[in-house]
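# Architecture at a glance
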Amino acid sequence: MNFKTKHYQALMIGCGKMGGALLRQWIRSEAVHYTVVDPTLPELPNGVVGYDNADALKSKKFDIIIIAIKPQMVETILPDYANLLSEDGFVISMAAGCSAERLQTALKTRAIIRIMPNLPSFIGKGVAGLYASPECSEAQKAVSLDMMELAGTAVKVDSEDGLDRITAIAGSGPGYVFEFARTYVEAAESLGFSREQARALVLGTIVGTIEMAMDSDDDLETLRNNVTSKKGTTEAGLKALNADMGLSQKLKQTVDAAYNRAIELR
Ligand SMILES: NC(=O)C1=CN([C@@H]2O[C@H](COP(=O)(O)OP(=O)(O)OC[C@H]3O[C@@H](n4cnc5c(N)ncnc54)[C@H](OP(=O)(O)O)[C@@H]3O)[C@@H](O)[C@H]2O)C=CC1
Ligand SMILES: O=C(O)[C@@H]1CCC=N1
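Within each chain, residues carry numbers counting from 1 in the order of the written sequence. For naming, the first written chain is A and the first written ligand is 1, with later ones following in the order written. Residue-level local features of this predicted model are given only where pLDDT is at least 70; pairs of side-chain atoms are given and counted only at 80 or more, and the full residue set underlies all totals for whole chains, interfaces and linings. Only heavy atoms go into the side-chain values, all of them from the structure, while hydrogens and water stay out.

As annotated in an unreviewed UniProt entry, the protein carries the name Pyrroline-5-carboxylate reductase and comes from Litorimonas taeanensis. UniProt positions are given in the numbering used here, feature names are shortened, and annotations may be inferred rather than shown by experiment. Here is the UniProt Function (unreviewed entry) comment for the protein, exactly as written: "Catalyzes the reduction of 1-pyrroline-5-carboxylate (PCA) to L-proline." Recorded in UniProt for the protein, the comment headed Pathway (unreviewed entry) runs: "Amino-acid biosynthesis; L-proline biosynthesis; L-proline from L-glutamate 5-semialdehyde: step 1/1."

### A word on the overall build of the protein
In terms of helices and strands, the protein carries 10 helices and eight strands. Along the first, second and third principal axes, the C-alpha set of the protein runs to 70 × 35 × 35 Å. The long-range share in the protein, meaning contacts at least 24 apart out of those at least 6 apart in sequence, stands at 61%. The method behind every accessible area is Shrake-Rupley, applied with a 1.4 Å probe, and residues are considered shielded solely by the protein chains displayed. Carbon and sulfur atoms make up 56% of the accessible area of the protein, which amounts to about 15,300 Å² in all. Comment: elements are numbered from the N terminus, with helices defined as DSSP H or I runs of at least four residues and strands as E runs of at least two. Contacts were defined at the residue level, with two residues in contact if any of their heavy atoms lie within 4.5 Å.

### Digging into the site of ligand 1
It suffices for a single heavy atom of a residue to lie within 4 Å of a molecule or strand for the residue to be listed as near it. Taken together, 22 residues form the shell around ligand 1, and within it Lys17, Met18, Asp38, Thr40 and Ile69 come nearest. In the analysis that follows, any N or O atom pair within 3.5 Å is treated as a polar contact, provided that within protein one partner can donate a hydrogen and the other can accept it, and provided that, for residues neighboring in sequence, both atoms belong to side chains. Note that an oxygen atom of ligand 1 is positioned 2.9 Å from one of the backbone N or O atoms of Lys17. One nitrogen or oxygen atom from the side chain of Lys70 is found 3.1 Å from an oxygen atom belonging to ligand 1. Against a free-state accessible area of 870 Å², the protein chains account for coverage of 76% of ligand 1. Placement of ligand 1 is best described as lying within the second largest pocket. Taken together, the residues of the shell around ligand 1 sort by class into 16 nonpolar, three polar and three charged. Buried and open spaces are told apart on a 1 Å grid over the protein atoms alone, a cavity being a set of points where a 1.4 Å probe fits but cannot get out and a pocket being an open set with protein on both sides within 12 Å along at least five of seven lines. Residues with an atom within 4 Å of a point are the lining residues. For a molecule to be placed in a cavity or pocket, more than half of its atoms must lie within 2 Å of the grid points of that cavity or pocket. Classification convention: Asp, Glu, Lys, Arg as charged; Ala, Val, Leu, Ile, Met, Phe, Trp, Tyr, Cys, Pro as nonpolar; all other residues, Gly among them, as polar.

### Considering the domain arrangement of the protein
One can read the domain layout of the protein as domain 1 (3-166) and domain 2 (173-264). A straight line from the C-alpha centre of domain 1 to that of domain 2 covers 33 Å. If you look at the interface, domain 1 gives eight residues, while domain 2 gives four residues. Interface area, domain 1 with domain 2, both sides summed: about 490 Å², of which 60% is carbon and sulfur. A carboxyl oxygen of Asp or Glu within 4 Å of a side-chain nitrogen of Lys or Arg is what we treat as a salt bridge. At the boundary of domain 1 and domain 2, one finds zero salt bridges. The source of the domain bounds is an automatic or database domain assignment. A 1.4 Å probe defines the accessible area here, and the buried area is the portion of it lost by two parts on being joined, summed over both.

### Some details on the packing of helix H5 (residues 160-171) against helix H6 (residues 173-190)
Where H5 contacts H6, the axes come no closer than 5 Å and their chain directions differ by 25°. When the axis of H5 is compared with that of H6, the two are roughly parallel. Residues Ala168, Ile169, Ala170 and Gly171 of H5 form the contact with H6, whose own contacting residues are Gly173, Pro174 and Tyr176. Here the contact of H5 with H6 is built from residues that sort into five nonpolar, two polar and no charged. To get an axis, a line is fitted to the C-alpha atoms, and for a helix only the part in contact is used. The angle between two axes follows their N-to-C directions and goes from 0 to 180 degrees. Between 65 and 115 degrees an angle is taken as roughly perpendicular, under 35 as roughly parallel, over 145 as roughly antiparallel, and anywhere else as oblique.

### Structural notes on the packing of H5 against helix H10 (residues 246-264)
Here H5 crosses H10 at 135°, and the two axes come no closer than 8 Å. One element, H5, and the other, H10, form an angle in the oblique class. Seen from above, H5 lies across H10 with right-handed handedness. Contacts between H5 and H10 involve Asp161, Asp164, Arg165, Ala168 and Ile169 from the former and Val255, Ala258, Tyr259 and Ala262 from the latter. Residues belonging to the contact of H5 with H10 are distributed by class as follows: six nonpolar, no polar and three charged. In this scheme the handedness of a crossing depends on how the near helix is turned from the far one: anticlockwise by less than a right angle means left-handed, clockwise means right-handed.

Next up, the structure:
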């Protein structure tokens with residue numbers, strides 16, 4: 001933990017689904033004090049100060065500016081905040097795809113940490129990527145890593161392209177998993193279960209299976225084979241699911257499409 005060495009003032013610009021999820025975990029450390037600006041201010045955790053516009057901040061300085069608005073809004077919104085960063089301050093951006101260069105231009109500063117969190121950060125089980133521009137100090141990198149580890153686990157990457165690839169796997173990943181779970185529940189309903197029963201059966205099965213895999217040294221193929229009796233029910237189900245490699249192709253197309261979109265957002 002590098003928080004101990006200093007007390008930080010942080011400004012979060014935008015506090016929607018992802019910013020709000022991270023903030024919920026970040027406030028567990030008292031080393032950083034958070035101020036939020038968002039036109040539709042959500043209910044904020046205790047101790048967080050919120051404004052619906054930046055007017056009240058004009059004479060303030062922040063050690064960290066956190067970007068939690070959409071990547072498409074960076075050029076319109078951020079220039080108003082360029083004077084609010086302290087001289088040795090730095091920026092943490094979660095805006096998907098948006099390059100450090102765009103942020104450097106919009107905020108007139110060099111030290112940029114790009115993060116790619118995911119939504120399970122809400123419960124402290126996020127998986128995040130972290131990239132630091134060469135101008136960031138070791139202390140800035142360390143504090144950012146501490147913050148991400150409050151919300152789950154973090155993987156450091158040494159290129160922005162690496163972060164865009166993490167976006168396609170982990171940033172967007174919960175969306176794929178929710179969609180898989182949603183269609184699985186629909187399929188369970190088609191076998192006669194109520195929505196409530198189907199949800200309990202499907203989510204319970206997914207959680208148990210994933211926790212077992214996380215606990216195991218066996219590869220995923222072996223674990224799958226442990227469920228699959230010769231000429232049994234699972235074999236029949238799996239044949240329908242992926243014998244033609246349809247699922248494999250779909251998932252490849254899925255991550256490629258997300259990665260390509262991150263490239264477009266650069
Ligand atoms: N959702 C996710 O799972 C992930 C999102 N991200 C990134 O996080 C960022 C935010 O995404 P997400 O939380 O999903 O989106 P949200 O729309 O939920 O959050 C964005 C917030 O910014 C607010 N906002 C709009 N205009 C301004 C302004 N002028 N000043 C301050 N705040 C403003 C929005 O308010 P209003 O609603 O009123 O417009 C909204 O509350 C994006 O860059 C995205 O790429 C990264 C990883 C995962
Ligand atoms: O869909 C998006 O663009 C954002 C980034 C990753 C998850 N949500």
